Amino acid sequence: MGNTKILIFGSSGQVGSELRHKLACLGQIAAVEYPRVDFSQPDSIRESVRVSEPAVIVNAAAYTAVDKAESEPELAMAVNGIAPGVIAEEAKRLGSIMVHFSTDYVFDGTKPGPYLETDSPNPLSVYGKTKLAGDQAIAAVGCESLILRTSWVYGARGNNCMLTMLRLAEERDELRIVDDQHGAPTSSECIAQATADILAQILPPAKGGLEGRSGIYHLTNAGETTWFGFAKAFLARRTEADGTAAPNLVAIKASQYPRPAKRPANSRLSCQRVQETFGVRMPHWEDALSLVLETMRRGTRQNSVKG
Ligand SMILES: NC(=O)c1ccc[n+]([C@@H]2O[C@H](COP(=O)([O-])OP(=O)(O)OC[C@H]3O[C@@H](n4cnc5c(N)ncnc54)[C@H](OP(=O)(O)O)[C@@H]3O)[C@@H](O)[C@H]2O)c1
C-alpha cells in the first residue's frame, strides 16, 4: 500500500462500497459518509476535504432516486449539480485529482448508435439535468479530474434493479419488463476495478498524474441488452444454479410502464476512449453478471454457515 491519501465520498453506496475495497491497495483510504458530510451543505464538503488533505478525491455520492428527483429538484441539484463543483474547487486548491461518476441519463437516447464523450447531452429528467450540471461544474473549475460516465449500475448489494426484480420474482408469477430501452448493465465491482486500474497508472511513486488526460470517459460493461434481456439472463442463471422456477416474463414498452422521470431509449455508451487512453477493457455484461451472482451465492453460503 502506498502513502497516497484517497478520500472517498459515498462509500455506503453501490459503487462507493466496492471502491473502498478496490482502492485500498493504492493508498490510505479515508471514507466520509452521509450525514457526517452532507452534500446539500457545501461547508461540510469543504471541511471533510480540509481535514484529510487527500491527493485523490473519489466522489461516488449522488442523489440517485431518479423518479423522486422530479419532485425534489432543489435537493437533487444541490447534491448532484453543485456539490461536485465544490469538491472540484477543493481539489484544485490542494492540487489533488478528482474522480467523479456520471450517467447515461445526460443523453436523450435519440442517437441511433453508441454515444461518444463528444456528443451533446440533452437530459430528459431532473436527475439527468442535475448530473450534467455536476459534470459542467467540474469542467468549469478545471481541476485535474476524471468524470467516468456509466450506466445501469447493479451489484450484489445496495439498491438496484436486479435485486428488486429478484425480490419481485419470489412474490409474483409474472413480471412485465421494459424491452425498448437499450444499454449495458454495469456491475459496481467492474466500475471500481476499472477506477483502481486507472488510478494505478497515474498515482505516485512511479507515475506523474493525469498529464493532459483530464476529462470525460464512458465506462460500462461491454455488449448491450434491454431491461427485459437483462432480467431474462439473471433469472435463467438463477434457475440453472438452484432450480428455482422463473416467473413468466412479459416484454413491454416503456410507454406501458409510465414513471415520473423519462429514461433514454438508447443508453449505449462507446467506451473506446477509456480503452485507448488507459487500456481499460471492461468485461462483457454477461460475464460480469456471472461474477456478481457468484458473489451473492458465496455471501448466502457464508451466512448459512455462520447461522
Ligand atoms: N445507480 C445507477 O444505475 C447509476 C447509473 C449511472 C450512473 N450512476 C452514478 O454512479 C455513481 C454511484 O451510484 P450508486 O448507484 O453507487 O449510488 P447509490 O448506491 O445510490 O449511493 C449513493 C451514495 O451517495 C450518498 N449520498 C446520498 N445523498 C447524500 C448527501 N446529501 N450527502 C452526502 N452523501 C449522500 C449515499 O449515502 P446514504 O447511503 O447514507 O444514503 C450513498 O453513499 C453516482 O454518481 C451515480 O449518479 C449510477
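Residues numbered from 1 in each chain as written. Predicted model: local features only at pLDDT ≥ 70, side-chain atom pairs only at ≥ 80, totals over all residues. Heavy atoms only, no water.

### Brief notes about the overall build of the protein chain
- For the protein chain, the helix and strand inventory stands at nine helices and twelve strands.
- Its C-alpha radius of gyration of 19 Å places the protein chain within 12% of the 19 Å reference for a compact globule of 307 residues.
- In terms of principal-axis extent, the alpha carbons of the protein chain reach across some 55 × 45 × 40 Å.
- Out of the 307 residues in the protein chain, the part that is buried amounts to 50%.
- Look at the contacts in the protein chain between residues 6 or more apart in sequence, and 80% of them connect residues 24 or more apart. (Helix = DSSP H or I, 4+ residues; strand = E, 2+ residues; numbered from the N terminus. Rg over C-alpha atoms; globule rule 2.2 N^0.38 Å. Buried < 20%, exposed > 50% of the residue type's maximum accessible area, 1.4 Å probe, protein only. Contact = heavy atoms within 4.5 Å.)

### Some points on the packing of helix α3 (residues 73–94) against helix α4 (residues 126–141)
- Where α3 contacts α4, the two axes come as close as 8 Å, and the packing angle between them is 15 degrees. In terms of orientation, α3 lies roughly parallel with respect to α4. Classified by chirality, the crossing of α4 by α3 is right-handed. Two secondary-structure elements touch here, α3 through Pro-73, Ala-76, Met-77, Asn-80, Gly-81, Pro-84, Gly-85, Ala-88, Glu-89 and Lys-92 and α4 through Val-126, Tyr-127, Lys-129, Thr-130, Lys-131, Ala-133, Gly-134, Ala-137, Ile-138 and Val-141. (Axes fitted to C-alpha atoms, helices over the stretch in contact; angles between N-to-C directions. Parallel < 35°, antiparallel > 145°, perpendicular 65-115°, else oblique. Left-handed = near helix turned anticlockwise from the far one by under 90°.)

### Digging into the site of the ligand
- The environment of the ligand is formed by 24 residues, the closest being Ser-12, Phe-39, Thr-64, Tyr-127 and Lys-131.
- Here Tyr-127 contributes a side-chain N or O atom positioned 2.7 Å from an oxygen atom of the ligand.
- The contact in question runs from an oxygen atom of the ligand to an N or O atom on the backbone of Val-153, over 3.0 Å.
- Starting from 910 Å² of accessible surface for the ligand in isolation, the protein chains cover 80%.
- Of all elements in the fold, only α1 (14–22), β4 (97–103) and α4 reach the threshold of two or more residues within the shell around the ligand.
- If you tally residues by element for the shell around the ligand, the top one is β4, at three residues. (Near = heavy atom within 4 Å. Polar contact = N/O pair within 3.5 Å; in protein donor to acceptor, adjacent residues only side chain to side chain. Areas by Shrake-Rupley, 256 points an atom, 1.4 Å probe, with all protein chains shown as cover.)

### Regarding the packing of helix α5 (residues 161–171) against helix α7 (residues 227–242)
- At a closest axis distance of 11 Å, the pairing of α5 and α7 adopts a crossing angle of 60 degrees. Taken together, α5 and α7 sit at an angle that is classed as oblique. Note on packing geometry: the crossing formed by α5 with α7 is right-handed. On the side of α5, the interface is formed by Cys-161, Met-162, Met-165, Leu-166, Ala-169 and Glu-170, while α7 contributes Trp-227, Phe-230, Ala-231, Phe-234, Leu-235 and Arg-238.

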